[in-house]
Amino acid sequence: MRELLELLEHDSRRPVSDLAAMLNRSEYEVEKQLKELEKSKIILSYNTLINWEKFGDDTVTAIIEINLTPQREVGFDAIAERIYRFDEVRTVYLMSGSFDLLVIIEGKSLKDVANFVATRLSTIEGVTATRSHFMLKPYKKDGVIIHDEERDRRLVVSP
Amino acid sequence: MKETRTDWKSRLSPGVNAIAPSGIRKFFDIAASMEDVISLGVGEPDFVTPWSIRESCVYGLERGYTSYTANRGMPELREEIAKYYALRYGNTYDAATDILVTVGVSEALDIAMRAVLSPGDEVLIPEPCYVSYQACTTLAGGIPVAVPAKIENEFRITPAELEEHLTDKTRVLLIGYPNNPTGAIMTRKDLLAIADFAEKHDLIVISDEIYGDLTYGGEEHVCFSSLPNMQERTILLNGFSKAYAMTGWRIGYSLANPTITAAMTKIHQYTMLCAPITAQIAALEALRHGEKYMKKMVAEYDRRRRLIYDGFTKMGLECFEPKGAFYIFPNITSTGYNSNDFAEKLLQAEHVALVPGSAFGACGEGHVRCSYATSIDKISEALVRIENFIKNHRK
Ligand SMILES: Cc1ncc(COP(=O)(O)O)c(C=O)c1O
């Protein structure tokens, strides 16, 4: 199972026939495992990592540190939910250390994001402070190096 | 201008004239000029050396590690090698007397031969095998004696087959498992039989185990010198080229008894002096912290191995399941071509480069060597092209 997941994490478009061959299992078995993994939400979705900047989009990404006052019974969860339900919010993590939530937001422009933080995030009850950091240049995302200059330098035939 | 008529060839050493240039580079020029060629002809990892290894070398350079080292190699590196063999195989190599760090297994092989061969000594070499074995033997004044391995036996070698080629001149047995080009491995049982044979005939065994870490399918690599009584009569060769994706660093080593190691060191000190210090620093990092990266690469080769084996089997080419290195050696006689023509026509028609089996010894005829040290996408595409070729060009 782990190996199947690792293969998919790297490339989710691999045909089942290839996966089966690589894992030394039947296609039927692999299909069945995939269904199970999807059903149990171990596989959450099959995404494609896209370099939108290269495509021509000028989106702005901001990392927001948020401090919260925890609420009775639900702790941070209820506020986190209020935040992660926004479409603009791409990622939300509960953190240890000097702030509580790390939120990654994508917007069309700097103003767009600043506006969202000011009117939607800081106004949520229990949010005591926010600090925004705008992302300038991505180097590596989800294990993928964005501008990988390493290429195959080997001779075509060697002993 | 004065006309010169010197026959330069006659001025070359007889040893050099006796060896043929490597058959492996035959298609290199054609392949190199093609745009969209997919090469299954490459005998080295497609991975770049893991970053932590590269980084340690850069750090070493920055701190000014640019000198010669001890002839035998940096003591820390030799200690680490000894430790690795003790832990992994239970060997008892002494870092001070039994280990020599060399410029790749290539150098180790050359000086091992030069250290132990007298003119006319015969070396038993199971074939198909790595292209350097015969040449190194000849250049060292020895006589290579080919012992064909059989496909029925998955290209493993048996004492009976060796015995057939034994003479009173036989001094050395040179084995290389996991094998380039076949991907064959030898089990403990197979090797124990070879060990008996070596003992019975008092042979030195040179064991090239450069692909040892690349062993798959639930099999464990068996180190020849870890077999009972074998450490003393074995010259074990290993290196970092394949397992750690470090071919360009040129770093390897030999493990042998103190007498042989001292003899090899003598040649090494006058001809090479020492292996590059930069590569030795990187190798040290590889042994100390590189295993996890190596394991990851091995797992990836294993998946490619199964994919390519599945592919060849499905297109109806007879081939046995390789258990080591990163080669598969399908039989192409059913297509009506010999290895050479198959490789040439395939390259021209479908732009897939591979190496004819005959480049690795006469008994490799009828096979081709495909390296799966290339990405899954390229392997898949190459399999489609080869299948096309077989459909459209069957003789
Ligand atoms: C079986 C075998 N031995 C030795 C070598 C040479 O290795 P090195 O890079 O350590 O000189 C190779 C390289 O292709 C090989 O396949």
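Residues numbered from 1 in each chain as written. Chains lettered and ligands numbered in written order. Predicted model: local features only at pLDDT ≥ 70, side-chain atom pairs only at ≥ 80, totals over all residues. Heavy atoms only, no water.

## What to know about the domain arrangement of chain A
Put simply, the rule is: These domain boundaries are the output of an automatic or database domain assignment.
For chain A, the assigned domains read domain 1 (2-39) and domain 2 (52-137). On a C-alpha basis, the centres of domain 1 of chain A and domain 2 of chain A stand 35 Å from each other.

## Brief notes about the layout of surface pockets
Residues and elements named next belong to chain B. The following threshold applies: Here a cavity denotes a set of grid points, spaced 1 Å apart and computed over the protein atoms alone, in which a 1.4 Å probe fits but from which it cannot get out, and a pocket denotes an open set meeting protein on both sides within 12 Å along at least five of seven lines; residues with an atom within 4 Å of a point are reported as lining. Grid points are joined across faces, edges and corners, and a volume is the space filled by probe spheres set on the points. Think of it this way: any DSSP run of H or I at least four residues long counts as a helix, any run of E at least two long counts as a strand, and we number them from the N terminus. Under the grouping applied here, Gly and all other residues not named as nonpolar or charged are polar, the nonpolar ones being Ala, Val, Leu, Ile, Met, Phe, Trp, Tyr, Cys and Pro and the charged ones Asp, Glu, Lys and Arg.
The computed volume of the second largest pocket comes to approximately 420 Å³. Lining the second largest pocket are 24 residues, and of these Gly43, Ser106, Tyr130, Ile210 and Lys242 lie nearest its centre. Looking at the lining of the second largest pocket, the elements with two or more residues in it are helix 5 (104-116) and helix 6 (132-139). The dominant element in the lining of the second largest pocket, judged by the number of residues it contributes, is helix 5, at 4 residues. Of the residues assigned to the lining of the second largest pocket, the class counts are 9 nonpolar, 10 polar and 5 charged.

## Some words on the pairing of strand 6 (residues 204-208) of chain B
All names here are of chain B. We count it as follows: Here the term buried applies to any residue with accessible area under 20% of the maximum for its type, exposed to any over 50%, and partly exposed to those in between, with areas from a 1.4 Å probe on protein chains only. Note: two strands are recorded as paired if DSSP finds a minimum of 2 bridges between them. With the strands aimed away from the viewer, a crossover counts as right-handed if its path from the first strand over the helix to the second runs clockwise.
Across the 5 residues that make up strand 6, a large majority, 4, are buried. As defined by bridge partners, strand 5 (residues 170-175) adjoins strand 6 across 4 bridges and the pair is classed as parallel. The residue of strand 6 that forms the bridge with Leu173 is Val205. For the handedness criterion, the β-α-β arrangement of strand 5, helix 8 (residues 188-200) and strand 6 is classed as right-handed. Where strand 6 meets strand 7 (residues 234-239), 4 bridges bridge the pair, whose relative direction is parallel. Of the residues in strand 7, the one forming a bridge with Ile206 is Ile235.

## Remarks on the site of the ligand
Where we set the bar: Residues are counted as near a molecule or strand when any one of their heavy atoms sits within 4 Å of it. We call two N or O atoms a polar contact when they sit within 3.5 Å, provided that within protein one can donate a hydrogen and the other can accept it, with sequence-adjacent residues counted only if both atoms are side-chain atoms. Per-residue and other accessible areas follow the Shrake-Rupley method at a 1.4 Å probe size, with only the shown protein chains counted as cover for residues. Here the criterion for a molecule occupying a pocket or cavity is that more than half of its atoms lie within 2 Å of the pocket grid points.
If you check the shell around the ligand, you find 13 residues, and the closest are Val105, Ser106, Asp208, Ser241 and Lys242 of chain B. Taken together, the residues near the ligand originate from chains A and B. Between Ser106 of chain B and the ligand, the recorded distance is 2.5 Å, taken from a side-chain N or O atom to an oxygen atom. Contact between the ligand and Arg250 of chain B: an oxygen atom at 2.7 Å from a side-chain N or O atom of the residue. Protein burial of the ligand: of its 400 Å² of free accessible surface, 94% is covered by the chains. Placement of the ligand is best described as lying within the second largest pocket. In terms of residue count, the dominant contributor to the shell around the ligand is helix 5 of chain B (3 residues). Looking at side-chain class alone, the shell around the ligand contains 6 nonpolar, 4 polar and 3 charged residues.

## Let's talk about helix 5 (residues 77-84) of chain A
Residues and elements named next belong to chain A. Stated precisely, the cut-off is as follows: Throughout, the arc means that of the directions going from the helix axis to the C-beta atoms. The criterion used for residue contact is that any of the two residues' heavy atoms lie within 4.5 Å.
Those residues of helix 5 that fall on the buried side of the exposure criterion are Ile79, Ala80 and Ile83. On an axial view of helix 5, the arc spanned by its buried residues comes to 100°, and they lie on one face. Away from the buried face of helix 5 by more than 90 degrees, exposed residues Asp77 and Arg82 are located. The elements touched by buried residues of helix 5 are strand 1 (60-68), strand 2 (89-94), strand 3 (101-107), helix 6 (110-121) and strand 4 (127-134).

## Some thoughts on the packing of aromatic side chains
Quick note on the threshold: Here a pair means two rings of Phe, Tyr or Trp (six-membered ring of Trp) with centres within 6.5 Å. Their orientation is stacked below 30 degrees between planes, edge-to-face above 60, and tilted elsewhere.
Enumeration according to the criterion identifies 19 aromatic pairs over all chains in this entry. Here the aromatic cluster, defined as three or more aromatic residues joined through ring pairs, consists of Tyr84, Tyr85, Tyr89, Tyr93, Phe240, Tyr244 and Tyr253 of chain B.

## Quick look at the interface of chain B and chain A
The following threshold applies: Buried area, as used here, totals the accessible surface that two parts lose on assembly, with accessibility defined by a 1.4 Å probe and the loss added over both. For salt bridges, the criterion is a side-chain nitrogen of Lys or Arg within 4 Å of an Asp or Glu carboxyl oxygen.
At the junction of the two partners, chain B supplies 33 residues and chain A supplies 17 residues. Between chain B and chain A, the buried area comes to about 2100 Å², and carbon and sulfur atoms account for 55% of it. Together, Phe28, Arg303 and Arg306 of chain B form the three largest contributors to the area buried by chain B at its contact with chain A, with a combined 28%. There are 3 salt bridges connecting chain B and chain A. Its salt-bridge partner being Arg14 of chain A, residue Asp377 of chain B comes within 2.5 Å of it at the nearest N-O pair. At the junction of chain B and chain A, the tally comes to 11 residue pairs in polar contact (both at pLDDT 80 or more).

## Things to note about the pattern of salt bridges
All names here are of chain B. Following the criterion strictly, the structure yields 26 salt bridges over all chains and no others. Of the charged contacts in the structure, one is a salt bridge between Arg88 and Asp213, with a shortest N-O distance of 2.7 Å. With Arg88 in helix 4 (residues 75-89) and Asp213 in the loop between strand 6 and strand 7, this pair connects stretches of sequence that are 125 residues apart. Exposure remark for Asp213: the relative accessible area of 16% places this residue in the buried category. For the salt bridge of Arg156 with Asp190, the shortest nitrogen-to-oxygen distance reads 3.4 Å. Of this pair, Arg156 sits in the loop between strand 4 (143-148) and helix 7 (159-164) while Asp190 sits in helix 8, and the two are 34 residues apart along the sequence. The exposure class of Arg156 is partly exposed, given its relative accessible area of 23%. What makes Asp190 buried here is its relative accessible area of 18%.

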